[in-house]
Structure formats: C-alpha cells, structure tokens
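# Coordinate inspection notes
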Amino acid sequence: MHVNTLSSLAQLLASAETESLAFPTSVNTALLLQRELANPDCHSADISRLLLCEPTLSARAVALANSALFAPGHAPAVTSVRAAVERLGHRNLYALATAAVIRQLNAGIKDPALRARATQLWAHTVHVAALAHEIARAVTHTDADTALFAGIVHEVAGFYLLAQADRTPDLYAQLETQMAPALEVIGRALMQQLGVPQPVADAVNALPGSTVMLPPAGLRDTLLLAKALAPVPSPLPQASVTVGAPLRAYLDHDPVLQALRAQPSAEARELIAVLLS
C-alpha cells in the first residue's frame, strides 16, 4: 500500500473514531435543515425558509407530499413548500433532508468507476427504504416512517467512503479486502454526527453479519428483509449474511414478501421515483 494511501486511511479511521468526519460545504443547507428539524421547538415557517434555500430539495418535498404515500385518494395537490411541510410533517422532512445530505456527499465524484458505484448504491438505498416502509407495515409491524428513515441512512458509510476515495487515489482498491470493518467504524461515527436516533443507529450498526430471525420482528429484521428483496444490490463488499434453509424457504414462499418482490405498491414506486429524481 502506498504510504500516502496508508496515511489517508489512518486519518480517515482516526477521524471516525473521534467522530470528526468532514462534510463538503455543498451539504451545509441540508445539514442545517436536518438540525433544525431535530429541534422540538422548530417552527414550520423556519423550515419552509430553509427549504427554499435548496431548490432541488424543495422540489422533492413538494413531489413527495403529492405522492400516493402522502396524498391518498383524491387529496388536493399541494403547490407550495409551506403546504408540503404541513403535509409531510417534521419526521418525514428529516428523512428527506438526510437523503439530501447523503446524495450530496457524492455529487462531486469524478472517477467514473466510483461514480457508478455511488449511483448504484443510491439506487439500492432507495429501494431498501421503500421496501422497508412496506415490510414494516405488512410483515414486522414496526413504525413504517422509522423504517423508511433507517433504509435511507443504512449505507451512509459507503457513500462517505466513496467520496473520500475519489480524493485519494488507490484508497478504494486497497480497502476492498477490509471494506466491511472500515464501513462499520465510519458508519458508527456518521450515525453520531448526523444525529441519527439511537434505535435506528443500533439497528443499522447490527446489520453486518446478521441474519433474519424467524418470524421476523423489529427494525433490524425489517432492513435485512428489505436488503434481501431489493432489486438493486449494494455494489460494496458487505459482511456476509448467513441465509440458512429456513430463511431461504421463508423468503421464497411468504406470499406478502413475494408480492412486494414482484410488484411494489404504488406508494413505494412513487417514493422510489421521488428519491431517485
């Protein structure tokens, strides 16, 4: 390993251990919005003003508010950021702001191979988030909005590492054999810095090397099932997951999971479309 790559890797892991990972300035508005939404005393007018500072995020908020997930039946379309804030609520806007932070981590990646991995990782993340929302409602009976948020953040360490690798030649290639432990260290630090609620952080941190309990229950199992069903796999080396015969039979024959795999709901399809846009 080149000495500069070694130094960069050591610095990256040291920063993760001290929870001082650096974010590019392009994510400042989304981070500010996320922190404001985490404040129990924040007002909708303040949120609307922050959203208007980020046109892309504003457009996604309005699109999400008009999706089948949040506008069932014949609910009137919202045409303003303020109306979108009222319809979505702070929890779902927090998830949207976090998604913006994650996407912008990779906005400037120049290396074509790393950019392709980042694009695939985002597609995987979006499908996992949408599936987790449905699985939480229909299978594990956990809070669906929490599952959606957990799906959005569950690969955040991978996005951060890809962005760092773009700035450090050979870092990704040298990390491939030890990707899983590096992602775990970085992921724990990012969960802290992004203010991810502890139950979500615990579920995400428990994913590497885990397997689904039968019958599945809780947030961790919800995410594991969503990852197993996602049509787009993660492009990053993952800690191995044991899939025994009982779990394989469950995945292959449970009618609810098969329906989700074959045809996600209209709500899930619209959510995927908004987050991929």
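Right above here is the structure, for reference.
The present account deals with the structure reproduced in this document.

Cut-offs and rules
Residues numbered from 1 in each chain as written. Predicted model: local features only at pLDDT ≥ 70, side-chain atom pairs only at ≥ 80, totals over all residues. Heavy atoms only, no water. Axes fitted to C-alpha atoms, helices over the stretch in contact; angles between N-to-C directions. Helix = DSSP H or I, 4+ residues; strand = E, 2+ residues; numbered from the N terminus. Parallel < 35°, antiparallel > 145°, perpendicular 65-115°, else oblique. Contact = heavy atoms within 4.5 Å. Core = buried A, V, L, I, M, F, W, Y, C linked by side-chain atoms within 4.5 Å. Buried < 20%, exposed > 50% of the residue type's maximum accessible area, 1.4 Å probe, protein only. Phe/Tyr/Trp six-rings, centres within 6.5 Å; stacked < 30°, edge-to-face > 60°.

Before going further, it helps to spend a moment on the packing of helix α5 (residues 81–105) against helix α7 (residues 144–153). Here α5 crosses α7 at 5°, and the two axes come no closer than 9 Å. Relative to α7, the element α5 is oriented roughly parallel. Each of Arg 91, Asn 92, Tyr 94, Ala 95, Thr 98, Ala 99 and Ile 102 in α5 lies in contact with α7, whose residues at this interface are Asp 145, Thr 146, Leu 148, Phe 149, Ile 152 and Val 153.

Another aspect to go through is the nonpolar core. With 97 residues, the main nonpolar core has Leu 51, Leu 93, Ile 135, Ile 186 and Leu 257 as its most contacted residues. If you tally residues by element for this core, the top one is α5, at 14 residues. Those residues in contact with Leu 51 that lie beyond four places of it in its chain are Leu 33, Leu 57, Ser 58, Ala 61, Val 81, Val 85 and Leu 93.

Under the criterion given, the structure shown has two aromatic pairs. Note on Tyr 94 and Phe 149: the rings are 5.4 Å apart at their centroids and 50° apart in plane angle, and the pair reads as tilted. Within this pair, whereas Tyr 94 is found in helix α5, its partner Phe 149 is found in helix α7, the two being separated by 55 residues in sequence. Each of the two residues, Tyr 94 as well as Phe 149, counts as buried. Aromatic pair Trp 122 and Phe 159: ring centres 5.9 Å apart, planes at 65°, arrangement edge-to-face. One end of the pair, Trp 122, is in helix α6 (residues 112–140); the other, Phe 159, is in helix α8 (residues 156–167), and 37 residues separate them in sequence.

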